[in-house]
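# Breakdown of the fold
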Amino acid sequence: MPPLLQPGDLLIATEAAELLRVTVKTLERWEKAGKLDAIRLPGGHRRYRRSDLEALLSDDSRASA
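Residues numbered from 1 in each chain as written. Predicted model: local features only at pLDDT ≥ 70, side-chain atom pairs only at ≥ 80, totals over all residues. Heavy atoms only, no water.

## Structural notes on the packing of aromatic side chains
Convention followed: A pair of aromatic rings is counted whenever rings of Phe, Tyr or Trp (Trp by its six-membered ring) have centres within 6.5 Å, and the orientation is called stacked for planes under 30 degrees apart, edge-to-face for over 60 and tilted otherwise. Lysine and arginine charges are scored as sitting over a ring when NZ or CZ, respectively, is within 6 Å of the ring centre and within 35 degrees of the ring normal.
Applying the stated criterion across every chain yields a total of zero aromatic pairs. Above the face of the Trp30 ring, Lys35 is positioned so that its terminal group lies 4.2 Å from the ring centre.

## Some remarks on helix α1 (residues 13-20)
Applied cut-off: Relative accessible area decides the class of each residue, using a 1.4 Å probe on protein chains only: under 20% of the type maximum gives buried, over 50% gives exposed, and in between gives partly exposed. Secondary structure elements are taken from DSSP: a helix is a run of H or I of four residues or more, a strand is a run of E of two residues or more, and numbering for both begins at the N terminus. Comment: arc refers to directions from the helix axis out to C-beta atoms.
Every buried residue of α1 is accounted for by Ala13, Ala16, Ala17 and Leu20. Summarising the axial view, the buried residues of α1 lie within an arc of 100 degrees, below the 170-degree limit, and thus occupy one face. Once α1 ends, the next one or two residues include Arg21, with phi positive near 60 degrees.

## So, the pattern of salt bridges
Opposite charge on two side chains makes pairing possible when the charged atoms of those side chains draw close. For clarity, the cut-off: We define a salt bridge as a side-chain nitrogen of Lys or Arg found within 4 Å of a carboxyl oxygen belonging to Asp or Glu.
Applying the stated criterion to the full structure yields five salt bridges. With a closest N to O distance of 3.6 Å, Glu28 and Arg46 form a salt bridge. Of this pair, Glu28 sits in helix α2 (residues 24-33) while Arg46 sits in strand β3 (residues 46-49), and the two are 18 residues apart along the sequence. Of the charged contacts in the structure, one is a salt bridge between Arg40 and Glu31, with a shortest N-O distance of 3.6 Å. Residue classification places Arg40 among the partly exposed residues on the basis of a relative accessible area of 48%. Salt bridges sharing partners connect three or more residues here, namely Lys25, Glu28, Glu31, Arg40 and Arg46.

Here is the structure:
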(Lines give C-alpha, C1' and ligand atoms only; values in the text may rest on other atoms or scores of the structure.)
Protein backbone atom coordinates (compact mmCIF):
# COMPACT_ATOMS: atom_id res chain seq x y z
CA MET A 1 0.00 0.00 0.00
CA PRO A 2 1.48 3.42 -0.98
CA PRO A 3 2.10 5.90 1.83
CA LEU A 4 -0.66 8.38 2.58
CA LEU A 5 -0.20 11.93 1.40
CA GLN A 6 0.90 14.41 4.00
CA PRO A 7 0.10 18.14 4.09
CA GLY A 8 2.36 19.86 1.61
CA ASP A 9 2.81 16.79 -0.63
CA LEU A 10 0.58 18.30 -3.32
CA LEU A 11 1.18 21.80 -4.65
CA ILE A 12 -1.05 24.09 -6.65
CA ALA A 13 0.28 25.30 -10.00
CA THR A 14 1.59 28.63 -8.71
CA GLU A 15 3.46 26.94 -5.86
CA ALA A 16 4.94 24.35 -8.24
CA ALA A 17 5.99 27.05 -10.70
CA GLU A 18 7.63 29.04 -7.92
CA LEU A 19 9.53 25.98 -6.69
CA LEU A 20 10.82 25.24 -10.20
CA ARG A 21 11.33 28.93 -11.03
CA VAL A 22 9.21 28.75 -14.17
CA THR A 23 5.81 30.07 -15.21
CA VAL A 24 2.53 28.21 -14.82
CA LYS A 25 2.33 28.13 -18.62
CA THR A 26 5.67 26.27 -18.70
CA LEU A 27 4.24 23.70 -16.27
CA GLU A 28 1.32 23.20 -18.64
CA ARG A 29 3.69 22.75 -21.60
CA TRP A 30 5.82 20.26 -19.66
CA GLU A 31 2.70 18.31 -18.72
CA LYS A 32 1.59 18.21 -22.36
CA ALA A 33 5.08 17.07 -23.42
CA GLY A 34 5.11 14.30 -20.78
CA LYS A 35 7.97 15.81 -18.78
CA LEU A 36 5.75 16.32 -15.72
CA ASP A 37 2.62 14.62 -14.38
CA ALA A 38 -0.25 16.52 -12.81
CA ILE A 39 -3.21 15.32 -10.83
CA ARG A 40 -6.42 16.71 -12.27
CA LEU A 41 -9.21 17.50 -9.84
CA PRO A 42 -12.86 17.22 -10.90
CA GLY A 43 -13.04 20.99 -11.47
CA GLY A 44 -10.05 20.86 -13.84
CA HIS A 45 -7.52 22.29 -11.39
CA ARG A 46 -4.08 20.73 -11.30
CA ARG A 47 -2.02 19.55 -8.36
CA TYR A 48 1.62 18.56 -8.56
CA ARG A 49 3.39 16.06 -6.33
CA ARG A 50 6.28 17.66 -4.47
CA SER A 51 8.34 14.49 -4.97
CA ASP A 52 7.90 14.72 -8.77
CA LEU A 53 8.99 18.36 -8.75
CA GLU A 54 12.02 17.63 -6.59
CA ALA A 55 12.99 14.74 -8.90
CA LEU A 56 12.72 17.09 -11.87
CA LEU A 57 14.94 19.62 -10.09
CA SER A 58 17.44 16.88 -9.27
CA ASP A 59 17.51 15.66 -12.89
CA ASP A 60 18.01 19.19 -14.20
CA SER A 61 20.82 19.94 -11.75
CA ARG A 62 22.64 16.75 -12.79
CA ALA A 63 22.23 17.59 -16.47
CA SER A 64 23.68 21.09 -16.02
CA ALA A 65 26.61 19.94 -13.85
